[in-house]
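Coordinate analysis (summary)
Residues per chain are reported as follows:
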Amino acid sequence: MPDATQALPPLRQPVTRLWGVGAERAKQLARLGICSVEDLLLHRPRRYEDRRNFRSIAELELGAPALTRGTVVASGTKTYRKGAKSVFELILEDGTARLHCRWWNLPFMEKYFEVGNEVVVFGKPLLLKPRTMDHPETEVIEGGEERFIHFNRIVPIYPLTEGLPQRWLRGLIWRTLERFGKQIAEPWEGLLLKLNVGQASRLSPPSESAAPIEKQARRLPCAIPRAEAVHWLHFPETLDAASLARKRLALDEFLELQIQIQRRRRNFESKSSSMPCGGDNRLIKPFLAALGFKLTAAQTRVLREIRSDLRGAHPMRRLLQGDVGSGKTVVAACAALMALESGFDVALMAPTEILASQHFRNFTKWFEPLGIKVHLQSGSRKTSNIESPGVTQHVSRLTPHASLTIGTHALVESGFAPEKLGLVIIDEQHKFGVSQREELVRKGRYPHLLVMTATPIPRTLGLTIYGDLDVSVIDELPAGRGSIRTFVRTAEKLPQVWDFIRQRLAEGRQAFVVYPRVEDGGPTGLKAVTREFESLREKLSPHQVGLLHGRLNGKEADAVMSAFRANTVNVLLATSLIEVGLDVPNATVMVVENAEAFGLAQLHQLRGRIGRGAHESYCILISDAKNPESRERLKVLEQSNDGFRIAEEDLRLRGPGELLGQQQSGMPRFRFGDLAGDLDLIRTARELATQWVK
Ligand code: ADP
Ligand code: MG
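Residues numbered from 1 in each chain as written. Chains lettered and ligands numbered in written order. Predicted model: local features only at pLDDT ≥ 70, side-chain atom pairs only at ≥ 80, totals over all residues. Heavy atoms only, no water.

Attention now goes to the packing of aromatic side chains. Inspection of every chain in the model, using the stated rule, returns twelve aromatic pairs. Centre to centre, the rings of F287 and F367 are 6.2 Å apart; their planes meet at 80 degrees, and the pair counts as edge-to-face. Of the two residues, F287 is situated in helix α10 (residues 284–290) and F367 in helix α13 (residues 353–367); the sequence distance between them amounts to 80 residues. Using a relative accessible area of 0% as the deciding quantity, one classes F367 as buried. Among the aromatic residues, ring-to-ring pairing joins F287, F363, W366 and F367 into one connected group. The lysine or arginine in question, R25, covers the ring of W168, its NZ or CZ lying 4.6 Å from the ring centre. Directly above the aromatic system of F500 lies the positively charged group of R504, at a separation of 4.6 Å from the ring centroid. (Phe/Tyr/Trp six-rings, centres within 6.5 Å; stacked < 30°, edge-to-face > 60°. Helix = DSSP H or I, 4+ residues; strand = E, 2+ residues; numbered from the N terminus. Buried < 20%, exposed > 50% of the residue type's maximum accessible area, 1.4 Å probe, protein only. Lys NZ or Arg CZ within 6 Å of the ring centre and 35° of its normal.)

This is the structure in structure tokens:
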């Protein structure tokens, strides 16, 4: 029977086309994300093993990971205490000594070995008398041609899944490379090779001497043909060649992304802006005069950048970065006024209802005296004059003045569609996906876009996910802020911490207590935080404690927040919901329980809720985490208030997904690229993409 997949190019064909891959194997491969022949060829080894140099068993050293080999002379399973615990033991011998390999509670290991098998072992000796390794990695070596693939070379060790043997997968990749390797094409019409024609001809094949290759790798990973790189990825002749191959493949990934980004960007630039939103200062002047403080130099500089964009020939696409508390809201207000002065409507989107209603209150206070209408539209409520899309349009046609609408993601989902949407502002952009941002923009006819974030973005990420935006940075905090001191403590110290809070409360200050249970903790999470609430109330009485979590409706949350703002509630027990945007300058103490459950950047954001007034502030991170890494991680916050440094550290330790939040749906996945370390490659890709797109 004819099969549609037959018509696909060879690399796109499903793995079941390959000899030896049946339904069962295909299922296992799919668990590793391998569906097509190409996926298989790009399956990245976890590490490499140099099987040209083995240690003899007698040479093994205590605690030092090493590669050795031997012949199975005996094996058996022992069971302790009525089958409660078992150990399978394999004894190898290589002519110099014997090695005991043990696997606890994995009785099925027995069936993988027979006496007389030759076995390669990689592991760490934990005893020398007798020489013993627990749970080493092993592979039985067979003779014949296969030996050439798995032995006497640098061998790739792949990530596996249950039931899939290392040797089988390596053999499959070897055969597939032989058959299809030549068909791996140069993407982008050989852009990389063409750009390096001169150098490429000088590139010698990998040799035993590492130095020249390393030099070349540093200079031009793009000089290797892609097909060659895929070959080196699996069966490199030197470890340097493997790293060179990784770089070339990573460069391809970054380049693909950069080409997309630059195309998107050119697409915007081809749209000329029909919305001159630079304004005439008629509203900004009285606004700044009534504000009660002077803008910082950084705020003023950023506003100049924004104004020139709003007047420009193309719609603005700008990312405003500024650490927590640097005063982004006022900048957003000024940008909004520029558009309003020019007669255009403005939309402001915030990630939570609490933050949207805080903005609503501030902007109403600022804008009503100027005669500007401010509307609120969030999931749970709307202000009266935008009941329905029909009415919205009606209202904006009747009222001569442009207005500001503030909302949550409800703005995207609702029928909100103002006639003259000139500017879209997105606060705490990292809490939204790229798609939500684009949907809101699509509501107008290419309005200007300003996105704001307090998560400092390491350069690599800035160039990848935000690569299509221009960047402004507020790198200065308003003067007169008290400092924030941070301490990491164990739960044992909590009684002293409560004492300390009582003293601050007695002085008239306020406090946040952040409970780790996240919003999606389900009913049990809610119960736990309610129990915590009762006990905190008792501990801090007669001071008033309020409770804030994601399950409250808009009215309830507003009531708690107003009371906290008015200081009739003195302590707010909250989930990480308060992470973004809240501004209550009288709150000077924050306790975060189970701090190790949060990312560093997230803790830095949380900590940004305090230190907003003139008083000294204190952030106490409670953690009983036993492992030293967790504690080291938290120490970074004790030592630094620099959001940038903290974000870089977080990226290194937890990866981009954690740093940016799950919402970042625009986040590409890289097989080879490393966002924490490949800044140079990303830069190169960006330059190349510019040439290519032109
Ligand atoms: P973020 O950048 O974290 O969004 P906000 O915009 O909430 O910060 O500002 C934090 C606080 O600083 C607010 O109370 C705001 O009114 C105040 N603020 C902003 N700019 C200045 C300034 N130039 N001088 C003094 N206070 C300012
Ligand atoms: Mg803010």
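From this point on, the discussion continues.
Burial along strand β19 (residues 545–548) is two-sided: V545 and L547 and G546 and L548, pointing in opposite directions, are all buried. Bridge count for β19 against strand β20 (residues 571–574) is four bridges, and the pairing is parallel. Bridged to G546 within β20 is L572. A crossover connection joins β19 to the parallel β20 through helix α20 (residues 554–565); in handedness this β-α-β unit is right-handed. (Pairing = 2+ DSSP bridges. Right-handed = clockwise from strand over helix to strand, strands pointing away.)

This next bit is on the site of ligand 1. By nearness alone, 16 residues border ligand 1, and G325, K328, T329, R481 and D583 come closest of all. D583 is positioned with one of its side-chain polar atoms (N or O) 2.6 Å from an oxygen atom of ligand 1. Its free accessible area being 570 Å², ligand 1 has 85% of it covered by the protein chains. When its residues are assigned to classes, the shell around ligand 1 shows four nonpolar, six polar and six charged. (Near = heavy atom within 4 Å. Polar contact = N/O pair within 3.5 Å; in protein donor to acceptor, adjacent residues only side chain to side chain. Areas by Shrake-Rupley, 256 points an atom, 1.4 Å probe, with all protein chains shown as cover. Nonpolar A, V, L, I, M, F, W, Y, C, P; charged D, E, K, R; others polar.)

This next bit is on the nonpolar core. With 71 residues, the main nonpolar core has V15, L18, L29, L40, L41, F254 and L255 as its most contacted residues. Considering every element that reaches this core, the biggest residue donor is helix α9 (residues 239–270), with eleven residues. Excluding anything up to four places from it in sequence, V15 contacts V21, A26, L29, I34, C35, S36, V37 and L40. In this structure, L310, A333, L340 and L355 belong to the second largest nonpolar core, which totals 45 residues. (Core = buried A, V, L, I, M, F, W, Y, C linked by side-chain atoms within 4.5 Å. Contact = heavy atoms within 4.5 Å.)

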